[in-house]
Amino acid sequence: MGERHPTDYETYKEIMGELIKPILADGLDPDTLKSLYESKAVYLENLRMKCFKELNSRRTTHFTWDDYALVLRAIEENRNHVRQLILVVVNEKLERRLAS
């Protein structure tokens, strides 16, 4: 049986440098940005599961344990970005309430 086409891995390699970075929020409202972070969280979790399954299977895989560690780090960074977004929104609402 031949090696499977590594499409998931190729896609991952193309964007791996972007996984940890925050989403560019220029001109986006908080709800849209929240939706983007939620989508990113779903993608990262699916990528984490795929990587984990492949690393623990008996099949040959392109993923490495370093890739898995990077995905875990990206998940944590995404959570941090969401926390920051929540703090910014709450702070803006408090400032508006105090100004009125």
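Numbers given for residues are sequential positions, taken from 1 along each chain in its written order. Reporting in this predicted model follows two pLDDT cut-offs: at least 70 for local features of residues, and 80 or more for side-chain atom pairs to be given and counted; totals over whole chains, interfaces and linings ignore these cut-offs and use all residues. Side-chain measures here rest on the full set of heavy atoms in the structure, leaving out hydrogens and waters.

(A) The side chain of Glu54, seen in detail. Comment: elements are numbered from the N terminus, with helices defined as DSSP H or I runs of at least four residues and strands as E runs of at least two. Structurally, the position occupied by Glu54 is in helix H2 (residues 30–55). A simple rule labels every residue: compare its accessible area, found with a 1.4 Å probe on the protein chains alone, to the largest value its type can have, and call it buried under 20%, exposed over 50%, or partly exposed in between. On the basis of relative accessibility, which here comes to 8%, the residue Glu54 falls in the buried class. Reaching out from Glu54, the side chain makes a polar contact with the side chain of Lys50 at a distance of 2.6 Å. Any N or O atom pair separated by 3.5 Å or less is treated as a polar contact, with the protein-specific requirement of one donor-capable and one acceptor-capable atom, and with residues adjacent in sequence counted only for side-chain atom pairs.

(B) View of the pattern of salt bridges. We count a salt bridge whenever a side-chain nitrogen from Lys or Arg sits within 4 Å of a carboxyl oxygen from Asp or Glu. Inspection of the entire model under this criterion finds six salt bridges. Note that Glu38 is salt-bridged to Lys34, the shortest N-O span being 2.7 Å. Within this pair, Glu38 and its partner Lys34 are both found in helix H2, separated by four residues, close to a single helical turn. We note a salt bridge from Arg83 to Glu76, for which the minimum N-O separation is 3.9 Å. The partly exposed category is assigned to Arg83, whose relative accessible area is 44%. Within the structure, one salt-bridge network assembled from shared partners comprises Glu76, Arg79 and Arg83.

This is a description of form; function is not addressed.
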